[in-house]
Amino acid sequence: MSGLLVATLVLGLAGCVAGAASPIGIRTPLSVALTLAACAGALAVGVAVLVRGRAVSFHDQHLLPLSGFNLRLDRFGALFVVVSAGVAVCALVYRLGYDGHGLSSRTASAVLPAFVTTLLFVPSASDVTTFLFFWELMALTSLLLVLADHRHRAEVPVAGQWYAVMTQFGAAAILVGLVLLATHAGSQSFAAIAASSLHMRPWVRSAAFVLVVIGFGSKAGAVPLHVWLPRAHSESSGPVSALMSAAMVNLGIYGIVRVGDGLLHGGPVWWWLMVMAIGALSALFGALHSATSRDLKRLLAYSTTDNMGLVLLAVGASGLFAVTGRHALALVALVAALLHVVFHAVFKGCLFLSASSIQQATGTRDLDSLGGLLRRMPVTGSVFLVGGLAMAALPVLCGFVSEWLLLQSMLHGLPSKDPAVAVAMPVGVGVLALTGGLAAFTFVKAAGIGLLGLPRTEAAARAREVGPAMTGGSGVLAALCVLLGVAPFLVLPAVIDAANGVLGRRGPDPLVRGWQVGLSGVHGVLAPGILAAVLCAAVGTVALVRAAVEPGPVRVAEAWGCGRELQTARMEYTATSFGEPLTRVFEDVLAPSHDVDISHVAESRYYVEAATVHTSTDDGFERRLYAPAQRALRRFGTAARSVPNGSVHRYLAFGLVALVLVLVLVA
Amino acid sequence: MRLRTLVRRWRTHPAAIAPVESPPGIREAAARHRGSLQLRHVDAGSCNGCELEIASIFSPVYDAERFGIRLEASPRHADALLVTGPVTRNMAGPLRKTFDALAEPRVVVALGDCARNCGAFAGAYGVEGAVGDVVPVDLEIPGCPPAPEAIVAALRNLAGS
């Protein structure tokens, strides 16, 4: 098996080389084929680890200097490898039909296989250096891919700058946190850190955990470090945005759980309350912004923040249960978290790919310029509908099962003597409920405005269905949405194994009873199969009754517009107007700005020539947190410029002062 | 004494209660409506005299709602179209669209002399014609304007109440 792991790495590198070196005609097919082979290898290794339960390792002293190159893929890591590989396979197939947005350049062709490979190997790293090596490589390659289209659109470099700064900030926090642990453990392998972490001083453990939550949280898009995510995910090309939103953000969750539960074996109550608070804030903030956004991919990106928030909520709840000694519930909450990671990857990959198909077919992501696409792009539209229903966590689709499990674990955690649990759980349930409602609202907006009605622009009216590679890549994920929603027992044992693996115990296996999902000692049972059968039967009955009962003659008439002579698609409901009530209710958070611009005719101010209205909602954190920080940095930079003024004497004085300081510190 | 005057003045008008003879098509429609008639009103160019009388049949004096006759905001919810005035050029299109928006079976009521035959406005430059020239009319209520009693009586026939 370790041979296959190495083969995966080699195939990924070969794809990278093929992308860089082969001639333009075969560049894309060759590099994508090699990367697909790498994904297949990773999928095989991951599934084998999950099925057999035995970790796969590979060690080499020469690949990386000083520390060596150490891989160890256990069940927990294997789950993330399988998810990443699955998403990558669909995104790469999609890539074969996708055209433009700078992905065909030599650089992008070389970097895409590297990015996919790092996604596959971050969860396999078993020491700090190897982990950080892959982590940094992942950040760099994804940054290059975000920037692939920088020549054509002015927003891309801005998105790239935000992403670069935030990802390096996060990486620095992770670096310091892991180095702190490695120093106190005396070894940098994860196994050694896990063995000695319980004997470390509390402040070391806490400092490392907080740093790691900051670092990995920024990758997972947790508020307030999420600002890069809506920009980078919406400006990058289709397959890359799917890979980032469905596979890369998961690794942030991987890091937090790996360090918090795997390396540090849990911690005090406030750690997990912090994680829950971050999760709740991210979920609400992401859901609100996704409900009021009119940019299709930005909407999906904010929804990623929302879903990762829910996962963090579940991770925090799991930690809290573990601290208060309720290990069965801790397992259920962690399983809910990991299951949601898997399901989110499936439906968000599907959504990002189909949204990119829509973007390619119409040339825009603005919902207010779309409309009527379900009739013009039936396959892509249906795929988007299925993914959106799963995002809204409706039953018989995959998002429902994980949210149901999370809700069950939090509800059953309620009778608690611990005040922290007794306060946190009801708040968590409320957040989950509100987020669920907002997600349904978001789905109605995206599908209703974008897919139904009349096309609002010429571009939307001319849209044609995209090619088979693109519909195939996104269609497989849509089919998985349905399959996993009806039959969650296909993945549930693997997820339970992974959760048990990282918690380091052989807990009970309470969640699967045949084809039902149930909790041990609790009456809550979910049978998605029966639910789906009942639903199909009900829909079938209604259809049969309708066919049997003679319908009257049907006359198709124009939509009622108060008898207005000229009715155009511009009079349709728009995404902005649909979200307007919500924007008003949450005015304090969303801070919408309205800008009315009226120009009068030259002869008289009583006659209006044109009136334009601009409405936008800002990211509150960007305005209140990042804008002041940027201003302060700029002021500091300007002030610091006066220090090196060109005088040799001053520079010599700096040197002397520094030398004296060093001597004092060393002595 | 004063209280009794007040009560008598606000009592509903007795003359409005008697229904009149009606043609067979209207009797069929009345059987369909079974005492519930939802109307969409279109002013196709009226002088607003008929509108005043329509308003008065829903006043406490005539109170047409007790016979199940109601004005609707949308033609989608209406059984019948109540048209007043001669059809002006600008209102001919909206009238056709409103008629088109009514679900079948539907009834068109031309209320007032202008709606029936353009009345005082016959031959005017802005007038396209009577209501019957634009949409098929099923029931006519004569008068300039028709008395509220006459309107209520005709609509009761149509409502079957």
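Residues numbered from 1 in each chain as written. Chains lettered and ligands numbered in written order. Predicted model: local features only at pLDDT ≥ 70, side-chain atom pairs only at ≥ 80, totals over all residues.

(A) Looking closely at the overall build of chain A. A count of helices and strands for chain A gives 25 helices and 7 strands. Taken against the 2.2 N^0.38 rule, which gives 26 Å for 667 residues, the C-alpha radius of gyration of chain A at 26 Å falls within 12% of a compact globule. Seen through its principal axes, chain A has C-alpha atoms that stretch 95 × 75 × 60 Å. Expressed as a percentage of the 667 residues in chain A, the buried residues total 51%. The long-range share in chain A, meaning contacts at least 24 apart out of those at least 6 apart in sequence, stands at 80%. (Helix = DSSP H or I, 4+ residues; strand = E, 2+ residues; numbered from the N terminus. Rg over C-alpha atoms; globule rule 2.2 N^0.38 Å. Buried ≥ 20, exposed ≤ 12 C-beta atoms within 10 Å, placed from the backbone. Contact = placed C-beta atoms within 7 Å.)

(B) Broad picture of the overall build of chain B. When you go through chain B residue by residue, the secondary structure sums to 7 helices and 7 strands. Going from N to C terminus, chain B has its helices and strands arranged as α-α-β-α-β-β-β-α-β-α-β-α-β-α. Taken over 161 residues, chain B has a buried fraction of 42%. Of the contacts made within chain B by residues no fewer than 6 positions apart, 85% connect residues no fewer than 24 positions apart.

(C) Examining the nonpolar core more closely. Counting 211 residues, the largest nonpolar core has Leu243(A), Cys481(A) and Val495(A) as its most contacted members. Among the elements that line this core, the one with the most residues is helix 13 (residues 327-362) of chain A, at 24 residues. When near neighbours in sequence (up to four residues on either side) are disregarded, Val495(A) contacts Leu79(A), Val335(A), Leu338(A), Leu339(A) and Val342(A). Residues Val83(B), Ala115(B), Val127(B) and Ala154(B) belong to the second largest nonpolar core, which totals 46 residues. (Core = buried A, V, L, I, M, F, W, Y, C linked by C-beta atoms within 7 Å.)

(D) Representation of the environment of Ile253(A) in the model. Residues and elements named next belong to chain A. Tracing the chain through its elements places isoleucine 253 in helix 10 (residues 238-263). Under the C-beta neighbour-count criterion, isoleucine 253 is labelled buried, with 25 such atoms within 10 Å. Note: C-alpha distance between isoleucine 253 and leucine 338 (85 residues apart in sequence) is 8.8 Å. The contacts of isoleucine 253, once residues within four sequence positions are left out, are Ala220, Met308, Val311, Val315 and Val341.

(E) Quick look at the packing of helix 5 (residues 128-146) of chain A against helix 10 of chain A. All names here are of chain A. The geometry of helix 5 relative to helix 10 is characterised by a closest axis approach of 10 Å and an angle of 150 degrees between their N-to-C directions. The chirality of how helix 5 crosses helix 10 is left-handed. Facing Met138, Ser142, Leu145 and Val146 of helix 5, the residues of helix 10 in contact are Val240, Met244 and Met248. The class makeup of the residues in the contact of helix 5 with helix 10 is 6 nonpolar, 1 polar and no charged. (Axes fitted to C-alpha atoms, helices over the stretch in contact; angles between N-to-C directions. Left-handed = near helix turned anticlockwise from the far one by under 90°. Nonpolar A, V, L, I, M, F, W, Y, C, P; charged D, E, K, R; others polar.)

(F) Layout of the interface of chain A and chain B. In this assembly, 6 residues from chain A lie in contact with 10 residues from chain B. For the side of chain A that touches chain B, the per-class residue count stands at 2 nonpolar, 1 polar and 3 charged.

(G) Main features of the confidence of the model for chain A. Summary statistics for chain A give a mean pLDDT of 89 and a share of 97% for residues scoring 70 or more. The lowest-confidence element of chain A is strand 3 (residues 512-513) of chain A, averaging 62 in pLDDT; the highest-confidence one is helix 8 (residues 202-220) of chain A, averaging 95. (pLDDT = per-residue confidence, 0-100.)

(H) Structural view of helix 15 (residues 378-391) of chain A. All names here are of chain A. For helix 15, built from 14 residues, the straight-helix expectation of 20 Å at 1.5 Å per residue is met to within 8% by its first-to-last C-alpha distance of 20 Å. Within helix 15, 10 of the 14 residues are buried, leaving the element largely enclosed by the surrounding structure. Burial in helix 15 covers these residues: Thr380, Gly381, Val383, Phe384, Val386, Gly387, Gly388, Leu389, Ala390 and Met391. A positive backbone phi angle near 60 degrees is found at alanine 393, which sits one or two residues after helix 15. (Expected span 1.5 Å × (residues − 1).)

(I) Looking closely at the sheet that holds strand 3 (residues 80-84) of chain B. Residue and element names in this part refer to chain B. The 5 strands lie next to each other as 2-1-3-5-7, forming an open sheet whose pairing is parallel. Each end of this open sheet is capped by a strand with a single partner; those strands are strand 2 (69-71) and strand 7 (139-141). Ignoring strand direction, the axes of neighbouring strands in this sheet form an average angle of 30 degrees. Examined bridge by bridge, strand 1 (residues 37-43) and strand 3 share 5 bridges and lie parallel to one another. Its bridge partner being in strand 3, leucine 39 is matched across the sheet by alanine 80. (Pairing = 2+ DSSP bridges.)

(J) Structural detail: the pairing of strand 1 of chain B. Residue and element names in this part refer to chain B. When strand 1 meets strand 2, the two strands line up parallel, connected through 3 bridges. Among the inter-strand pairings, leucine 39 is bridged to a residue of strand 2, identified as leucine 71. Handedness of the strand 1-helix 3 (residues 49-57)-strand 2 crossover: right-handed. (Right-handed = clockwise from strand over helix to strand, strands pointing away.)

(K) Main features of the pairing of strand 6 (residues 592-600) of chain A. Residue and element names in this part refer to chain A. Of all 9 residues making up strand 6, only 0 are buried, and the element is barely covered by its neighbours. In this sheet, strand 7 (residues 608-617) lies alongside strand 6 in antiparallel orientation, the contact comprising 9 bridges. Its bridge partner being in strand 7, aspartate 595 is matched across the sheet by histidine 614.

(L) Structural detail: the packing of helix 3 (residues 75-97) of chain A against helix 10 of chain A. All names here are of chain A. Relative to each other, helix 3 and helix 10 sit at 175 degrees, their axes nearing to 9 Å. Between helix 3 and helix 10, the interaxial angle falls into the category roughly antiparallel. Between helix 3, through Phe76, Phe80, Val83, Ser84, Val87, Ala88, Ala91, Leu92, Tyr94 and Arg95, and helix 10, the contact on the second element is made entirely by Gly238, Pro239, Ala242, Leu243, Ala246, Ala247, Asn250, Leu251, Tyr254 and Gly262. Taken together, the residues that form the contact of helix 3 with helix 10 break down as 15 nonpolar, 4 polar and 1 charged. (Parallel < 35°, antiparallel > 145°, perpendicular 65-115°, else oblique.)

(M) Structural context of unusual backbone geometry. The amide bond that connects Glu104(B) to the next residue, Pro105(B), takes the cis arrangement and shows omega of -5 degrees. Inspection of the secondary structure puts Pro105(B) in the loop between helix 4 (89-101) and strand 5 (107-111). Even without being a glycine, Val396(A) presents a positive backbone phi close to 60 degrees. Of note, Val396(A) is situated in the loop between helix 15 and helix 16 (398-412). Of note in this structure, Cys562(A) is not a glycine but carries a positive phi near 60 degrees. For Cys562(A), a count of 12 C-beta atoms within 10 Å corresponds to the exposed category.

(N) Main features of the environment of Ala185(A). Residues and elements named next belong to chain A. With respect to the element layout, alanine 185 can be found in helix 6 (residues 155-185). Take alanine 185: there are 22 C-beta atoms within 10 Å of it, and that puts it in the buried class. Considering only alpha carbons, one finds alanine 185 and serine 197, 12 residues apart in sequence, at a separation of 6.9 Å. Every residue in contact with alanine 185, bar those within four places of it in the chain, is listed here: Ala192, Ile193, Ser196 and Ser197.

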